[in-house]
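Analysis of the macromolecular model
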Amino acid sequence: MSFKKQDIYNALETITAPGEGKSLVENENVKNVVTFGNEVVVDVVISNPSLQAKKKVEVEIMKAIHQHVDQKIDVKVNVKTEVKPKEEVNQIRGKEIPNIKNIIAIASGKGGVGKSTVTANVAITLAKMGFNVGILDADVYGPSQHIMFDVEKERPLSVKVEGRSKMKPIENYGVKLLSLGFFTNPNQAVIWRGPMASKALNQLIFDADWGELDFLLIDLPPGTGDVHLSIVQALPITGAVVVSTPQNIALADAKKGVAMFQQEAINVPVLGIVENMAYFTPEELPDNKYYIFGKSGAKNLAEDLETAFLGEIPIVQSIREGGDVGHPVALQSGTKLEESFKEITQEVVSQLLKRNANLPPTEVVRITTMSGCSTK
Ligand SMILES: Nc1ncnc2c1ncn2[C@@H]1O[C@H](COP(=O)(O)OP(=O)(O)OP(=O)(O)O)[C@@H](O)[C@H]1O
Ligand SMILES: [Mg+2]
């Protein structure tokens, strides 16, 4: 088999650089091409750090070389991520939040799968581990954290911090909380548009006196629509946790949830998937497991999507009751459920550390008007 380096470059010329309208070669994504025998090694650098983007470019390169040069060439592709200088990126980095180290969004796709339950219990577990933790309840459709933390009747006070008025989060169980539920009438439907919701949430992050936080968890509304896009684009989310139940219908939505974060315009790393309601366990027979919604669906999905499986939680009556009465189960020391949430929380933290070691901070689009994005 004989081919020249130039043949390889010609093949790479046929691939369009993501979001550029130029070829990979012209856009200077291709850093090196080495050929020996029937083997070709291509080094490329792209700006999108998601696994999906890397895989896509790898597959495109293989296809182009096989199609335009020779089917039998053994192609190896090394994809590296390099974030472009700020001025080159068509997105504006959000205000640094010096006092909040990590923002984790909890999402699902499908509603009612246990996002809020997971958020509350993981937050309490993080607080028990000694971290400074806050929750921002961003569920524009039906906030619930103020109920789960038994602070339904409280209202955040305004405090002066360095001459500026800031909202003071309500604290319980060692967790600081701000919720849209503190500002809306529970009997009235509030209709939010995406930019409005993200503006309100931005205020709850930037104009609040959170103090020093290791983690701010954001309990997102269900779905992957316009409101969600606006929210996840507007907040500098370090990583996302996707919650799913084992049914196919929930898994399909979880997949969409993961895809939403991986979109080029959003680009929030997904830390992994939690399987909630993995099996039913009667309280009095804790060793009996009934897989009423199917078995290991979320675990398999995590594998398919090349993301981490963060753990599973059974359906147990006390989890529901704990949420309803404002005393989540993770508060009950020495129980199996406390242990399950501890395992999940540890996995979330370890995935987050991995993410922070390997990827740059998340970019945000700062939305300041109803009609679009500002550059400030
Ligand atoms: N593992 C579980 N065992 C028993 N009940 C659970 C479990 N997880 C969640 N629930 C209950 O299921 C209901 C829905 O859970 P939750 O509110 O956490 O879901 P959600 O995904 O936040 O819902 P929404 O999409 O409406 O925001 C609640 O009543 C909650 O107490
Ligand atoms: Mg919820």
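Looking at an unreviewed UniProt entry, one finds the protein named Iron-sulfur cluster carrier protein, with Tenacibaculum skagerrakense as its source organism. Note on the protein: under the UniProt heading Function (unreviewed entry), the record states "Binds and transfers iron-sulfur (Fe-S) clusters to target apoproteins. Can hydrolyze ATP." What UniProt records for the protein under Subunit (unreviewed entry) is the sentence "Homodimer."

Observations regarding the nonpolar core
Ranked by internal contacts, the top residues of the largest apolar core, which has 42 residues, are Leu136, Ile205, Leu216, Ile218, Leu220 and Phe261. Elements with a minimum of two residues in this core: strand S4 (100–107), helix H5 (194–206), strand S10 (213–219), helix H6 (226–234), strand S11 (239–244), helix H7 (248–262), strand S12 (270–280) and helix H8 (297–304). Take this core: its biggest share by element is 6 residues, from H5. Other than its neighbours up to four places away in sequence, Leu216 contacts Ile100, Asn102, Ile103, Ile104, Gly134, Ile135, Leu136, Ile205 and Trp210. Core analysis: the next-biggest nonpolar cluster, separate from the first, contains 39 residues, Ile104, Met148, Leu177 and Val316 among them.

So, the packing of helix H1 (residues 5–12) against helix H2 (residues 51–68)
For the pair H1 and H2, interaxial distance at closest approach is 9 Å and the crossing angle is 120°. Taken as axis vectors, H1 and H2 run oblique relative to one another. Two packed elements cross with a definite hand, and for H1 against H2 that hand is right-handed. Contacts between H1 and H2 pair Ile8, Ala11 and Leu12 from the former with Ile61, Ala64, Ile65 and His68 from the latter. Taken together, the residues of the contact of H1 with H2 break down into 6 nonpolar, 1 polar and no charged.

Digging into unusual backbone geometry
Across residues other than glycine, the phi torsion is negative in most instances, and most of the peptide bonds are trans. One non-glycine residue, Glu162, lies in positive phi territory at about 45°. Position of Glu162 relative to the elements: it lies in the loop between strand S6 (158–161) and strand S7 (164–167). Phi is positive for Met277, which is not a glycine, with a value near 55°. Looking at the element boundaries, Met277 is found in strand S12.

Concerning the sheet that holds strand S13 (residues 309–315)
Sheet architecture is open: 8 strands sit in the order S8-S9-S5-S10-S4-S11-S12-S13, paired in mixed fashion. What marks the edges here is a single partner per strand, and that holds for strand S8 (170–172) and S13. Each strand axis lies, on average, 25° off the axis of its neighbour in the sheet, ignoring direction. As paired elements, S12 and S13 share 5 bridges and run parallel to each other. Across the sheet, the residue bridging to Glu275 is Glu312, located in S13. The sheet contacts of H7 involve S4, S11 and S12, and relative to S11 the element is tilted by about 170°.

Rules used throughout
- Residues numbered from 1 in each chain as written.
- Chains lettered and ligands numbered in written order.
- Predicted model: local features only at pLDDT ≥ 70, side-chain atom pairs only at ≥ 80, totals over all residues.
- Heavy atoms only, no water.
- UniProt positions renumbered as here; feature names shortened; annotations may be inferred.
- Core = buried A, V, L, I, M, F, W, Y, C linked by side-chain atoms within 4.5 Å.
- Buried < 20%, exposed > 50% of the residue type's maximum accessible area, 1.4 Å probe, protein only.
- Helix = DSSP H or I, 4+ residues; strand = E, 2+ residues; numbered from the N terminus.
- Contact = heavy atoms within 4.5 Å.
- Axes fitted to C-alpha atoms, helices over the stretch in contact; angles between N-to-C directions.
- Parallel < 35°, antiparallel > 145°, perpendicular 65-115°, else oblique.
- Left-handed = near helix turned anticlockwise from the far one by under 90°.
- Nonpolar A, V, L, I, M, F, W, Y, C, P; charged D, E, K, R; others polar.
- Pairing = 2+ DSSP bridges.

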